[in-house]
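Geometric and topological summary
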Amino acid sequence: MTQETPKPEQQQQPAATQQAEIILVETHAHAAYSNFARVTSTAEEVIIDFCLNPNPFATGRQEIQVSQRLIMNFYTAKRLFSALGMTLQRHEQTFGPIELDIRRRAQAGGQK
């Protein structure tokens, strides 16, 4: 009995066409709440600073501390942009529009 060598069409798909399986290990993840974010960029990277503003409705000069800074390339930033957009779209389809104007939110809250 002889063994046949599989022909190229019988072999598994090349690694480039197989989908990667990503498993997140969250044991050392740091979670933080942010109600303020600032996005800046360089020619090569996008920088997102996350802050907690304890008095978001105050007027005048405020100093708030950056608690987290994410630095990513533009490819990762675009994937993040897409993922956030899809997440917001699903949320609004389920719960209704997210109103960014605080005055309109306050009026809608008082009319319930």
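Residues numbered from 1 in each chain as written. Predicted model: local features only at pLDDT ≥ 70, side-chain atom pairs only at ≥ 80, totals over all residues. Heavy atoms only, no water.

With that settled, the discussion passes to the overall build of the protein chain. Each helix and strand counted, the protein chain has two helices and three strands in total. Its helices and strands taken in sequence order, the protein chain reads β-β-β-α-α from the N to the C terminus. Out of the 112 residues belonging to the protein chain, those deemed buried represent 7%. For the protein chain, contacts bridging at least 24 residues in sequence account for 29% of all contacts bridging at least 6. Counting every atom, the protein chain has about 11000 Å² of accessible surface; 55% of that belongs to carbon and sulfur. (Helix = DSSP H or I, 4+ residues; strand = E, 2+ residues; numbered from the N terminus. Buried < 20%, exposed > 50% of the residue type's maximum accessible area, 1.4 Å probe, protein only. Contact = heavy atoms within 4.5 Å. Areas by Shrake-Rupley, 256 points an atom, 1.4 Å probe, with all protein chains shown as cover.)

Before going further, it helps to spend a moment on the side chain of Asn53. Inspection of the secondary structure puts Asn53 in the loop between strand S2 (45-51) and strand S3 (66-73). Among residues more than four places away in sequence, those in contact with Asn53 are Asn35, Gln62 and Ile64.

The strand order S1-S2-S3 describes an open sheet built from three strands, whose pairing is antiparallel. In the strand order of this sheet, the two ends are held by strand S1 (36-41) and S3, each with one partner. Across the sheet, the axes of successive neighbouring strands diverge by a mean angle of 20 degrees, strand direction being ignored. Sheet topology note: the S1/S2 ladder contains six bridges and is antiparallel. Note on S2: the bridge partner recorded for Arg38 is Asp49. Contacting S1, S2 and S3, helix H1 (residues 74-95) runs over the sheet at an angle of about 110 degrees to S3. (Pairing = 2+ DSSP bridges. Axes fitted to C-alpha atoms, helices over the stretch in contact; angles between N-to-C directions.)

Moving on, we get to the environment of Ile64. Relative to the assigned elements, Ile64 resides in the loop between S2 and S3. A relative accessible area of 25% means that Ile64 is categorised as partly exposed. As for Ile64 and Phe36, which are separated by 28 residues in sequence, their C-alpha atoms are 9.4 Å apart. Leaving out residues up to four positions away in the same chain, Ile64 has contacts with Phe36, Cys51, Leu52, Asn53 and Pro54.

Take the side chain of Asp49 next. Relative to the helices and strands, Asp49 is located in strand S2. One polar contact links Asp49 to Arg38, side chain to side chain, over a distance of 2.4 Å. There is a polar contact of 2.4 Å between the side chain of Asp49 and the side chain of Arg69. What Asp49 contacts, discounting residues up to four positions off in sequence, is Phe36, Ala37, Arg38, Val66, Gln68 and Arg69. (Polar contact = N/O pair within 3.5 Å; in protein donor to acceptor, adjacent residues only side chain to side chain.)

Function-wise, these values are silent; they only describe arrangement.
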